[in-house]
Amino acid sequence: MLRDHVRLVAIVFAIAAAASIASAPAAHATTENLYREPSQVLVDIVDAPRTPRVSISPDREWMLLTTRQNYPSIEEVARPELGLAGLRLSPDTHAPSRRWLYVDLGLVRISDASEREIEGLPARPLAGDVTWSPGGDRIAFTNTVDDGVELWIVEVGEGTARRVLGPTVSLTAQAPPKWTADGDALLVCLVLPESGRDPDPSTATTGPIIQESLGREAPARTYQYLLENERDEELFERYLTTQLARVALDGTVTPLGDPAIVWDFDPSPDGEFTLVTTLNRPFSYLVPAYRFPRSIQVWDAAGNVVREIADLPLQEEIPIARNSVAEGPREVAWRADAPATLAWVEALDGGDARIDAEERDRVYLLDGPFDGEPVALITLALRYSSIDWGHDGLALVSSWWWSTRSIRVWKVAPGRPSDDPELLFDRSYEDRYGDPGDPVLIRNGYGRRVLLTGDDAHTVFLIGDGASPEGNRPFLDAFDTRHKQTSRLFRSTAPYYETPVTPLSKMGRYVITRRESVDEVPNYFVRDLAEGSLRQITTFPHPTPQLLGVQKELIRYQRADGVQLTGTLYTPAGHGPDDGPLPMVMWAYPREYKSADAAGQVDDSPYRFDRVGWWSPLLWLTQGFGVLDGPTMPIVGEGDARPNDTHIDQLVASAQAAVDEVVRRGVADRNRIAIGGHSYGAFMAANLLAHSDLFAAGLARTGAYNRTLTPFGFQSEDRTLWEAPDVYFGMSPFMHADRIDEPILLVHGEADDNPGTFPMQSERFYNALKGHGATVRLVMLPHESHSYRARESILHLLWETGRWLDTYVKNGKPAVHGE
């Protein structure tokens, strides 16, 4: 049976490949291929100004407001780009080619909400890598110009900005400038003078491209933009080789060490050492750069090697099973609360999650000057996740395990590694109702993020979403780690959604919060917990007044098998019960669970403000549609059951329940409902059209439709095609293209680099649908990736979507009463 299926999959794969060549979609140079724009109201929403992001200074005296750039033009997105070892780089700027930057920076004093304009900023800033100095008196940022990346600083007290370094900063490894402990300099990777000269592409090759495997398992997920030949290797080495240097605030540059492929660097909290990671040959054509061979070393202030922590080989053989990791030291980092102590983790099970083992990981410490032996801090039965440092007597170590959805949090004393760890929390991370929250971190004198503790040095503060059957209600708790007792300091109350951001003192009386409601944009306040009073700090305006008055309701309903489901129901402003049912857009994304109870928990709030952009289905409220956003589509596999073994049945049952509920409420017309989604949501939409007749049309953006093209696992599936051929075949809408008889709009970025969603997924799916006479339209967006950036692309996407919805949903045949 399995062998027959594997053979069938191989045959279908071959047929699909041939079809993609023989019947590629025609592209004619007509107005059909020009960018179009949707209605003006949608254009205005896309062009709406961005609400600034907020960063709080280490001393909690200032807020930095950064305004992100709006959507660039297609000309900007189409600029030259190099795809090398999983990286996408601009050869002109020596920086990532697809990152969002800031066009404005401003300051607000927390004590009196006074605003301070920063003078001397670049005329047209494109700022990134914004970071506070350890003392909070300065801010550093990079500024991208046509021929490179500059380094700038802001003097907070003066409210002035100035350039420190011209366009010689290299961000090819995505390692941003980092402050030294004294706040008087930054460590920066610099472009080498010769790195801008590309190898001649016309140079004759020296021989064939050969890869070889000698009997060792090396499964790998599907990756884009890998190295393919010697020229790629030379380009990678040329653009990634940089000079690490110390840059003083007057622009003085002091090189550290020799030029190398510097992948990461981090000065020690006391500034005496630097932890440096460099990449080495041999490179790989199978995995991205972050799995290339690497050396992890400690350097002194002059750039001399003090100690090598690890010399790690190429990581092509990491098992694909969830929780599998590489062997050897990993997660090497400074202890944030000590002058110069390293911490790292090593696997005790060979890194293979498939092996039964009582001990999985061990955390080690090594104190400066690094001439001793590492000391074990804690041994973990689950896979290491993170450490939050506090002081010699307190750190929190988290570990987790995917197959059981378990998470454990331990209290350790890093100053006394021989002390026995104490278990604080042991729970399922799927259980949102039981989530105790995340510890509050503040910056210490080194500028490092450490646990905020009470006066007893053992009470930590926890902020959580506060999930409950009534919806999320964020909270702030004080947790005594010695007695494991919790005190509630604050919890959000209706009709607002108020999230604690950070306490302003150890006593926790004054707290900065972020407060919003359905029609009120999130703004920042100082809340006095003793008096219950609020003082507003920011006054951001509503970015999309076109959506004021929209009606929002968090609804609950039940699947046929008893699993509880939720969704957020929206109707246009002014729409009432007497107006009759609406055409509707449902937008969803399936998720896997090990517990039906956890799958049924509410994870939203009826009081949140919705930031609406091109990605949001709420746009269609302005066009006369109702919207059910995020109807839960849980795929549950309890006990030893695998969720995907019954994926299709559970998916259809969830969709059936959602449709029945909105029809029962009189909000939606059963015959005029579209289903849509992005990425795995697109995969979901195609499957629902293939295996049900619940929807009038489908909207599928940047999806994967043939799972044989991702044979070593996808999403949360860690079995291979050869281990579970029935699952791969049954879950692939491509294999069931002959069953899809509803109109489906396929949209995909031509430069999609997301693992598993190669552009050919949509192209081959289109060919299969066209070959079976389906109503289908394929829109390939030039230069776009997994998400879309160019204003022209986004407006065209909305034009296509609006036309599809009007034609096949809004103007479809309404349901007859009683259907």
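Not measured: the values here are computed from a predicted model.

Quick look at the side chain of Ser732 now. Tracing the backbone through its elements, the reader meets Ser732 in the loop between α8 (725–730) and β46 (744–749). Overall, Ser732 belongs to the buried group, its relative accessible area being 0%. A polar contact is formed between the side chain of Ser732 and the backbone nitrogen of Arg707, at a distance of 2.9 Å. If sequence neighbours within four positions are ignored, Ser732 has contacts with Asn687, Tyr705, Asn706, Arg707 and Thr708.

We now examine the packing of helix α6 (residues 647–664) against helix α7 (residues 680–691). Running from amino to carboxyl end, α6 crosses α7 at an angle of 85 degrees, the nearest separation of the two axes being 10 Å. On the basis of their axis angle, the class for α6 and α7 is roughly perpendicular. Mapping the contact onto sequence places His647, Ile648, Leu651, Val652 and Ala655 in α6 and Tyr680, Phe683, Met684, Asn687, Leu688 and His691 in α7. When the residues that make up the contact of α6 with α7 are grouped by side-chain class, the tally is 8 nonpolar, 3 polar and no charged.

In the structure shown here, the tally under the stated rule is 18 aromatic pairs. Between Phe236 and Phe283 the ring centres are 5.1 Å apart and the planes differ by 75 degrees, which places this aromatic pair in the edge-to-face class. Taken together, the residues Phe236 in helix α4 (residues 230–240) and Phe283 in the loop between β17 (273–279) and β18 (294–300) connect sequence positions 47 residues apart. Relative accessible area serves as the criterion here: at 9%, Phe283 is assigned to the buried category. Ring centres of Phe712 and Trp722 lie 5.4 Å apart, and the angle between their planes is 50 degrees; on these two criteria the pair is classed as tilted. Taken as a pair, Phe712 in the loop between β45 (697–701) and α8 and Trp722 in the loop between β45 and α8 lie far apart in primary sequence, 10 residues in all. Among the residues examined, Trp722 registers a relative accessible area of 48% and is labelled partly exposed. Here a set of aromatic residues connected by ring pairs shows up, and it is made of Phe236, Phe283 and Phe292. One cation-aromatic arrangement involves Arg515 over Tyr496; the distance from NZ or CZ to the ring centre is 3.5 Å.

Attention now goes to the pattern of salt bridges. Scanning the model with the defined rule gives 52 salt bridges in all. Between Asp753 and Arg88 there is a salt bridge whose closest N-O contact spans 3.2 Å. Here the residue Asp753 occupies a position in the loop between β46 and α9 (760–771), and Arg88 occupies one in strand β4 (residues 87–90), the gap between them amounting to 665 residues. The class for Asp753 is partly exposed, based on a relative accessible area of 25%. The salt bridge partner of Arg608 is Glu516, with a shortest N-O separation of 3.7 Å. Of the two residues, Arg608 sits in the loop between α5 (596–599) and β42 (626–629) while Glu516 sits in strand β35 (residues 510–517), which places them 92 residues apart along the sequence. Judged by relative accessible area, Arg608 falls into the partly exposed class, the value being 29%. According to the relative accessible area criterion, Glu516 is buried, its value standing at 1%. Shared partners join several salt bridges into a network, and the residues in it are Asp137, Arg138, Glu155, Arg162 and Asp184.

Let us now look at the pairing of strand β10 (residues 148–155). The element β10 is largely enclosed, with a buried count of 8 among its 8 residues. Sheet analysis places strand β9 (residues 138–145) next to β10, joined by 8 bridges and oriented antiparallel. Along β10, the bridge assignment pairs Ile139 with Val154. Connecting β9 to the antiparallel partner β10 that follows it, the hairpin turn spans 2 residues. Taking the residues between adjacent antiparallel strands as the criterion, β10 and strand β11 (residues 160–165) are bridged by 4 residues, where Gly159 takes a positive phi near 70 degrees.

Judged by pairing direction, the sheet is antiparallel, and its 4 strands sit side by side in the order β28-β31-β32-β33 without closing on themselves. Strands with a single pairing partner mark the edges of an open sheet, and in this sheet they are β28 (438–439) and β33 (485–491). Pairing between β28 and strand β31 (residues 459–464): 2 bridges, direction antiparallel. When the bridges of β31 are listed, Pro439 appears paired with Leu462.

Examined against the element boundaries, Gly120 turns out to sit in the loop between β7 (115–117) and β8 (127–132). With 40 residues separating them along the chain, Gly120 and Thr160 place their C-alpha atoms 5.8 Å apart. Ignoring any residue separated from it by four or fewer positions in sequence, one finds Gly120 in contact with Trp152 and Ala161.

It is worth spelling out the side chain of Ser692 at this point. Here Ser692 lies in the loop between α7 and β45. Since its relative accessible area comes to 11%, Ser692 is described here as buried. There is a polar contact of 2.6 Å between the side chain of Ser692 and the backbone oxygen of Leu688. From its side chain, Ser692 meets the backbone nitrogen of Leu694 in a polar contact 3.5 Å long.

Within soluble globular proteins, side chains that are nonpolar generally end up buried alongside one another. One finds Met586, Phe695, Leu746 and Phe765 to be the most contacted residues of the largest nonpolar core, which totals 54 residues. If you look at the next biggest cluster of nonpolar residues, it comprises 34 residues, including Trp620, Trp804, Leu805 and Val809.

A word on the confidence of the model for the protein. Within the protein, residue pLDDT values average 93, and 93% of them lie at 70 or more. Every residue in residues 1–30 scores below 50 in pLDDT, and together they form 30 contacts with partners more than four places removed in sequence or on other chains.

We now examine the pairing of strand β14 (residues 241–248). Of all 8 residues making up β14, 7 are buried, and the element is well covered by its neighbours. Two strands pair when backbone bridges link them, and strand β13 (residues 185–191) and β14 are joined in this way by 7 bridges, in the antiparallel orientation. Within the sheet, the bridge partner assigned to Ala185 lies in β14 and is Ala248. Where β14 meets strand β16 (residues 260–267), 2 bridges bridge the pair, whose relative direction is antiparallel. Considered in β16, the bridge of Thr242 is made with Ala260. Bridging between β14 and strand β15 (residues 253–255) involves 3 bridges; their strand directions are antiparallel. Within β15, the residue paired with Ala245 across the bridge is Pro255. Hairpin geometry of β14 and β15 is characterised by an intervening segment of 4 residues between the two adjacent antiparallel strands and by a positive phi of about 95 degrees at Gly251.

What counts and what doesn't
- Residues numbered from 1 in each chain as written.
- Predicted model: local features only at pLDDT ≥ 70, side-chain atom pairs only at ≥ 80, totals over all residues.
- Heavy atoms only, no water.
- Helix = DSSP H or I, 4+ residues; strand = E, 2+ residues; numbered from the N terminus.
- Buried < 20%, exposed > 50% of the residue type's maximum accessible area, 1.4 Å probe, protein only.
- Polar contact = N/O pair within 3.5 Å; in protein donor to acceptor, adjacent residues only side chain to side chain.
- Contact = heavy atoms within 4.5 Å.
- Axes fitted to C-alpha atoms, helices over the stretch in contact; angles between N-to-C directions.
- Parallel < 35°, antiparallel > 145°, perpendicular 65-115°, else oblique.
- Nonpolar A, V, L, I, M, F, W, Y, C, P; charged D, E, K, R; others polar.
- Phe/Tyr/Trp six-rings, centres within 6.5 Å; stacked < 30°, edge-to-face > 60°.
- Lys NZ or Arg CZ within 6 Å of the ring centre and 35° of its normal.
- Salt bridge = Lys/Arg side-chain N within 4 Å of Asp/Glu carboxyl O.
- Pairing = 2+ DSSP bridges.
- Core = buried A, V, L, I, M, F, W, Y, C linked by side-chain atoms within 4.5 Å.
- pLDDT = per-residue confidence, 0-100.

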